[in-house]
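The chain contents come next:
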Amino acid sequence: MKNKVLCMLLTIAVSCAGTAKATSVIMEGDYIRTAVSDNGTLGYGNNTRPGIVHDVTGTGNFPTDDYLTPGVPWEIFSVKTDQTGIKCNNNSGNTCQIGNDILTDLSSSSTYDHYVNWTGFVTGAFEVSNDYFFNDGDERISIQTTITALNDLTNVSFARAIDPDQDSYNYHSAYTINGRGTLELAPEDWVHSEGPHSGLTLGLYSESDVLHNTGITRWTIDPTSYLAGTNSGYGDNTIGIGFNIGTLNTGESITLDYHYVLGDSLENVDIPNTVPAPGALLLAGLGTGIAGRIRRRNV
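The structure presented is a predicted model; accordingly, all values stated were derived computationally and were not measured. (Residues numbered from 1 in each chain as written. Predicted model: local features only at pLDDT ≥ 70, side-chain atom pairs only at ≥ 80, totals over all residues. Heavy atoms only, no water.)

Visitor: I'd like to hear about the confidence of the model for the protein, residue by residue, with values.
Guide: Caution is warranted with low-pLDDT regions, since their predicted coordinates should not be read in detail. On average, residues of the protein carry a pLDDT of 87, and 85% of them reach 70 or more. Across residues 1-21 the pLDDT falls below 50, and counting only partners more than four positions away or on other chains, this stretch makes 62 contacts in the model. Every residue in residues 280-299 scores below 50 in pLDDT, and together they form 63 contacts with partners more than four places removed in sequence or on other chains. (pLDDT = per-residue confidence, 0-100. Contact = heavy atoms within 4.5 Å.)

Spelled out as structure tokens, the structure:
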């Protein structure tokens, strides 16, 4: 088994919101080397590797190419409410609006090989908690996002999105073949990008009970665009998923389940079946991590 975390919470820096926060945490399995940044996005931060690095052989021999770090890295999550408008954190650091960050490595106490939590909040509005977790043999990154209302909120929505650049290093191309759904997967549950030269595939997948939809946009942070099923097609575009939460009264929370899924081709991606929550596993003391997972599922 790989070292569960290669970069621990070693130093403290000053956040853009003026509060203390930890350095980014690296997570490395057999197929995936990534990080959780100090603002809660995927990737170490801006052009610093790793963003999302993928070894299709599963031997932990990670290539030089990176799905996220070329050019201007763009991996975001955003929360939109009537009371706050859109608040968004971006791996590039261009937006850091959800602050007061706490980043915690929980791998040693989890049944998952890798488990990191980031928590931040917008004062007087809401708290966001992102759990990132996967096992060494997974070719995906599972995420649970919990949003808790600190005051009454209306028309709450959430988005997660990325600008994928899997062919940038080796083929000098930011162009991707993007699509929503397949013959097997519904377009509201699955959005993907393929490298036209490499075939390498990155997608977002969810079977959440919360109303959701996927989209392909031109670097849009607004959840409304993803909920509308926007499809900007092939090109240097972003893929993402949006969730329509509605009203959250003070103290109420909603938890959203979704995954970044990778594969050496669109036909060979690691779509999950049942993925227990890392917190539930800790409480229940279960021993095997992901139950009923599908290691290589054709789509």
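What follows continues from the structure just given.
Visitor: Give a detailed account of the sheet that holds strand β11 (residues 140-149), specifying residues and quantitative values.
Guide: In spatial order, the strands read β8-β9-β10-β11-β18-β15-β14-β13; together these eight strands make up an open sheet with antiparallel pairing. Lying at the two open borders of the sheet, with one neighbouring strand each, are β8 (99-105) and β13 (177-180). Neighbour-to-neighbour, the strand axes of the sheet open up by a mean angle of 15°, direction not taken into account. Bridge analysis of β11 against strand β18 (residues 253-263) gives nine bridges, and the strand direction is antiparallel. Bridge pairing links Thr145 to Leu256 in β18. (Pairing = 2+ DSSP bridges. Helix = DSSP H or I, 4+ residues; strand = E, 2+ residues; numbered from the N terminus. Axes fitted to C-alpha atoms, helices over the stretch in contact; angles between N-to-C directions.)

Visitor: Please give an account of the nonpolar core that cites residues and values.
Guide: Ranked by internal contacts, the top residues of the largest apolar core, which has 44 residues, are Phe126 and Phe158. The leading source of residues in this core is strand β17 (residues 238-248), at five residues. What Phe158 contacts, discounting residues up to four positions off in sequence, is Phe77, Ser78, Val79, Thr145, Ile147, Pro223, Ile241, Gly242, Phe243, Ile245, Leu256 and Tyr258. (Core = buried A, V, L, I, M, F, W, Y, C linked by side-chain atoms within 4.5 Å. Buried < 20%, exposed > 50% of the residue type's maximum accessible area, 1.4 Å probe, protein only.)

Visitor: Give a description of unusual backbone geometry that names residues and reports values.
Guide: Geometrically, the link from Arg49 to Pro50 is a cis peptide bond, its omega value of 5° lying close to zero. Turning to its location among the elements, Pro50 is positioned in the loop between β4 (32-36) and β5 (52-54). Positive phi values are uncommon outside glycine, yet Asn155 reaches one of about 50°. Classification of Asn155 by relative accessible area gives exposed; the value is 51%.

Visitor: A description of the pairing of β4 should follow, citing residues and the corresponding values.
Guide: Across the five residues of β4, four count as buried, placing the element largely inside the fold. Across four bridges, strand β3 (residues 25-28) lies against β4 in antiparallel orientation. Paired with Glu28 across the strands is Arg33, a residue of β4. Remark: three residues form the turn of the hairpin made by β3 and β4, two consecutive strands paired antiparallel. Where β4 meets β5, three bridges bridge the pair, whose relative direction is antiparallel. Among the inter-strand pairings, Arg33 is bridged to a residue of β5, identified as Val53.

Visitor: Got a sec to walk through the environment of Asn237? Specific residues and values, please.
Guide: Tracing the backbone through its elements, the reader meets Asn237 in the loop between α2 (223-227) and β17. We classify Asn237 as buried; its relative accessible area is 2%. With 59 residues separating them along the chain, Asn237 and Asn178 place their C-alpha atoms 8.0 Å apart. Apart from residues lying up to four places away in sequence, Asn237 is in contact with Asp163, Pro164, Asn178, Ile216, Thr217, Arg218 and Ser232.

Visitor: Could you give an account of the pairing of strand β15 (residues 201-205), naming the residues involved and the relevant values?
Guide: Counting buried residues in β15 gives five out of five residues, a clear majority hidden from the surface. The alternating pattern of β15 places Thr201, Gly203 and Tyr205 on one face and Leu202 and Leu204 on the opposite face, and all of these are buried. Strand direction decides the pairing type here: strand β14 (residues 190-194) and β15, joined by five bridges, are antiparallel. Looking at the pairing, Val191 lines up with Leu204 of β15. Between β14 and β15, which pair antiparallel one after the other, the connecting turn spans six residues, and Gly199 there sits at a positive phi close to 80°.

Visitor: Now, about the pattern of salt bridges: what can you tell me, with residues and values included?
Guide: Counted by the stated rule, this structure contains five salt bridges. A salt bridge links Arg33 to Glu28; the nearest nitrogen and oxygen atoms lie 2.8 Å apart. Judged by its relative accessible area of 12%, Glu28 is buried. The salt bridge involving Asp66 is made with Arg49; its shortest N-O contact spans 3.7 Å. In this pair, Asp66 is assigned in the loop between β5 and β6 (75-81) and Arg49 in the loop between β4 and β5, connecting sequence segments 17 residues apart. (Salt bridge = Lys/Arg side-chain N within 4 Å of Asp/Glu carboxyl O.)

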